[in-house]
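# A structural walkthrough
Here is how the chains run, residue by residue.
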Amino acid sequence: SNAADSPSLSEKPGTDGHLDRKAVSCCVVGTSGGGKTALLSKVANVLSQKHGLRVLLRFCGSTSLTLHGNGLLDSILTQLLFMLKRPLHTPSKYSDKSVLLRELLSDEALLEGCNGLVIILDAIDQLSDR
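In this text, all values refer to a predicted model and were calculated from it rather than measured experimentally.

## Some remarks on the overall build of the protein
Within the protein one finds 3 helices and 2 strands. For the protein, the N- to C-terminal ordering of α and β elements is α-β-α-α-β. The buried share among the 130 residues of the protein stands at 25%. If you take every contact in the protein between residues at least 6 apart in sequence, the share linking residues at least 24 apart comes to 53%. When the accessible surface of the protein is totalled, it reaches about 9,000 Å², and 55% of it is carbon and sulfur.

Given below as structure tokens:
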């Protein structure tokens with residue numbers, strides 16, 4: 001079977017008639033100054049404005065919070081907690097943060113009033129390993 005024979009994502013409803021949740025990754029690579037950030041900003045805007053998706057966009061290394069992976073995860077968790085109207089507290093241990101991220105991403109309330117959630121991380125190569 002080839003891709004032409006396979007139904008598109010929009011043709012694959014779940015048992016309740018809604019689309020199954022799918023995780024998709026995309027990587028944009030290019031030279032410095034090549035327009036990657038501008039492209040990702042435009043994509044975020046189109047996904048939000050024209051397709052009704054909730055978009056979390058992080059420019060890694062642009063603030064002290066997003067200089068390292070742990071801070072970036074804190075930033076994402078804080079925004080998800082805010083969207084879900086939960087207390088804005090993130091755990092200190094990375095393993096607990098990882099568990100919380102999975103819990104928040106599986107919370108159906110996160111998708112209320114929108115068509116899905118997209119997380120865009122720009123310049124992840126600029127994260128430090130601390």
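## Focus: the confidence of the model for the protein
When pLDDT is averaged along the protein, the result is 81; 82% of the residues meet or exceed 70. Considering only residues more than four positions removed or in separate chains, one finds that residues 1-19, a stretch of pLDDT under 50, has 12 contacts.

## Quick notes on the pattern of salt bridges
For the coordinates displayed, the defined rule picks out 3 salt bridges. A salt bridge links Glu103 to Arg86; the nearest nitrogen and oxygen atoms lie 2.8 Å apart. You can see Glu103 sitting in helix H3 (residues 94-105) and its partner Arg86 sitting in the loop between helix H2 (69-83) and H3, a full 17 residues away along the chain. The exposure class of Arg86 is partly exposed, given its relative accessible area of 27%. Across the pair Asp107 and Arg86 runs a salt bridge, and its minimum N-O distance is 2.8 Å. Within this pair, whereas Asp107 is found in the loop between H3 and strand S2 (117-122), its partner Arg86 is found in the loop between H2 and H3, the two being separated by 21 residues in sequence.

## With respect to the nonpolar core
Membership of the largest hydrophobic core is limited to 12 residues, which are Leu56, Cys60, Leu72, Leu73, Ile76, Leu77, Leu80, Leu81, Leu84, Leu100, Leu104 and Leu110. Only H2 and H3 provide two or more residues apiece to this core. When residues of this core are assigned to their parent elements, the largest contribution, 6 residues, is made by H2. Leave out the neighbours within four places in its chain, and Ile76 touches Leu56, Arg58, Leu101, Ile119 and Leu121.

Rules used in this analysis
- Residues numbered from 1 in each chain as written.
- Predicted model: local features only at pLDDT ≥ 70, side-chain atom pairs only at ≥ 80, totals over all residues.
- Heavy atoms only, no water.
- Helix = DSSP H or I, 4+ residues; strand = E, 2+ residues; numbered from the N terminus.
- Buried < 20%, exposed > 50% of the residue type's maximum accessible area, 1.4 Å probe, protein only.
- Contact = heavy atoms within 4.5 Å.
- Areas by Shrake-Rupley, 256 points an atom, 1.4 Å probe, with all protein chains shown as cover.
- pLDDT = per-residue confidence, 0-100.
- Salt bridge = Lys/Arg side-chain N within 4 Å of Asp/Glu carboxyl O.
- Core = buried A, V, L, I, M, F, W, Y, C linked by side-chain atoms within 4.5 Å.

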